[in-house]
Amino acid sequence: MYRFLLSRQWVILTLIALLLIPTMIELGFWQLHRHQHKVALNTVIGDSLAAKPVPAESLTAPGGEVKHVDLYRRVTARGTFDTAHEVVVRRRTNTDGEVGYHVLTPFVLDDGKVLLVNRGWIPADGAQTEFPKIPAPARGEITVTGRLMPDQTTADSGIKNVKGLPDRQVMLINSEVEADRLGRPVLAGYVEQTAPEPAGGAPELIPDPNHSDIGPHMAYAVQWWLFSAGVPVGWVVLARREARDRAAQKREDTAKAREPAAA
């Protein structure tokens, strides 16, 4: 009755089903891992934002890296802004989705080291081949507070590090690249400034990250696992339907074959 399962069509269909099942299960676990990563990151962000600010140099150093547990940790630093070596980070959006720049300004500490400070977002009003007009920061020695962030990479951000950009424009914030450009020791990572607030609200400070949303990854994981369970069920349904249709066709052929004999 089920000898048709040995046909070429059904052998191919069965092989596809056998490949789909583990693939969908693996995709489910991939989404589960993304969910777990999101939950863990939200916990780190929440803990970091709730903690009291600490000196930046207690968490980062030249040539090092920002630890995962220190992401978004509030840090402070005292020094002066070096606007002469300021750069802008291209293709960054604000809270309204408008495309512009992030302003990256070296902050020279009292010991001579440099901390990269993302002072916030400005609109791209002019030609992107020209260096935009940037509101000046506070002059003289000040204390800056902000959220500690790791160096940006293409692998983590998905942003292609385009070469041949106009002078003083970059795609990614990277302390090693800036250290080579400045010729000075630069602390790993950078800081998203939160205080002092800029005069006139420009640059527009980057808001705190939303760490309450866990995303749809768990729902996607369950969905993939339901799909994997549905494959063998679907295969059985199709096989039984094929067997039923073949049996009906055989009965019909038998009945037609008997008609002339009965006449």
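Here is what the cut-offs are and how they apply
Residues numbered from 1 in each chain as written. Predicted model: local features only at pLDDT ≥ 70, side-chain atom pairs only at ≥ 80, totals over all residues. Heavy atoms only, no water. Buried < 20%, exposed > 50% of the residue type's maximum accessible area, 1.4 Å probe, protein only. Helix = DSSP H or I, 4+ residues; strand = E, 2+ residues; numbered from the N terminus. Arc of directions from axis to C-beta. Contact = heavy atoms within 4.5 Å. UniProt positions renumbered as here; feature names shortened; annotations may be inferred. Salt bridge = Lys/Arg side-chain N within 4 Å of Asp/Glu carboxyl O. Lys, Arg positive; Asp, Glu negative; His and termini not counted.

(A) Representation of helix 3 (residues 175–182). Those residues of helix 3 not exposed but buried are Ser175, Glu178, Ala179 and Leu182. Down the axis of helix 3, the sector holding all buried residues measures 105 degrees, keeping them to one side. Away from the buried face of helix 3 by more than 90 degrees, exposed residues Glu176 and Asp180 are located. Packing partners of the buried residues in helix 3 comprise strand 3 (87–93), strand 4 (99–109), strand 5 (114–123) and strand 7 (169–170).

(B) Just the UniProt feature "transmembrane region" (unreviewed entry) in the protein, in detail. Cross-referencing UniProt, the feature "transmembrane region" (unreviewed entry) maps to residues 12–32 in the present numbering. With 100% helix and 0% strand, residues 12–32 has its two end C-alpha atoms placed 30 Å apart.

(C) Highlighting unusual backbone geometry. Of note, the bond from alanine 195 into proline 196 is cis; its omega dihedral lies within 30 degrees of zero at 0 degrees. Among the secondary structure elements, proline 196 is positioned in the loop between strand 8 (190–195) and helix 4 (217–262). Although it is not a glycine, arginine 91 adopts a positive phi angle of roughly 55 degrees. Of note, arginine 91 is situated in strand 3. Judged by relative accessible area, which is 55%, arginine 91 ranks as exposed. A positive phi angle, near 65 degrees, is found at arginine 168, a position not held by glycine. Topologically, arginine 168 is positioned in the loop between helix 2 (154–157) and strand 7.

(D) Focus on the pattern of salt bridges. As enumerated under the stated definition, the model contains nine salt bridges in all. Residues glutamate 86 and arginine 119 are paired through a salt bridge, measuring 2.7 Å at the closest nitrogen-oxygen approach. In this pair, glutamate 86 is assigned in the loop between strand 2 (74–81) and strand 3 and arginine 119 in strand 5, connecting sequence segments 33 residues apart. The class of arginine 119 is buried, set by a relative accessible area of 4%. Where glutamate 178 meets arginine 181, a salt bridge forms, and the shortest distance between an N and an O atom there is 2.6 Å. With glutamate 178 and arginine 181 both in helix 3, this residue pair falls three residues apart, about one helical turn. The exposure class of glutamate 178 is buried, given its relative accessible area of 3%. Residue class for arginine 181 comes out partly exposed when judged on its relative accessible area of 36%. The network of salt bridges with shared partners includes Glu57, Asp111 and Lys113.

(E) Structural detail: the side chain of arginine 92. Here arginine 92 is to be found in strand 3. Of the side chains with opposite charge, glutamate 192 lies nearest to the buried arginine 92, which makes no salt bridge, at 7.6 Å. Once residues lying within four places of it in the same chain are set aside, the contact partners of arginine 92 are Glu98, Val99, Gly100, Tyr101, His102, Trp121, Gln152, Ile159, Met171 and Leu172.

(F) Local environment of the environment of glutamine 31. By secondary structure assignment, the location of glutamine 31 is in helix 1 (residues 8–50). Given the relative accessible area of 6%, glutamine 31 is considered buried. The spacing of glutamine 31 and proline 216 is 185 residues in sequence and 8.9 Å in space, taken between C-alpha atoms. Once residues lying within four places of it in the same chain are set aside, the contact partners of glutamine 31 are His217, Tyr220, Ala221 and Trp224.

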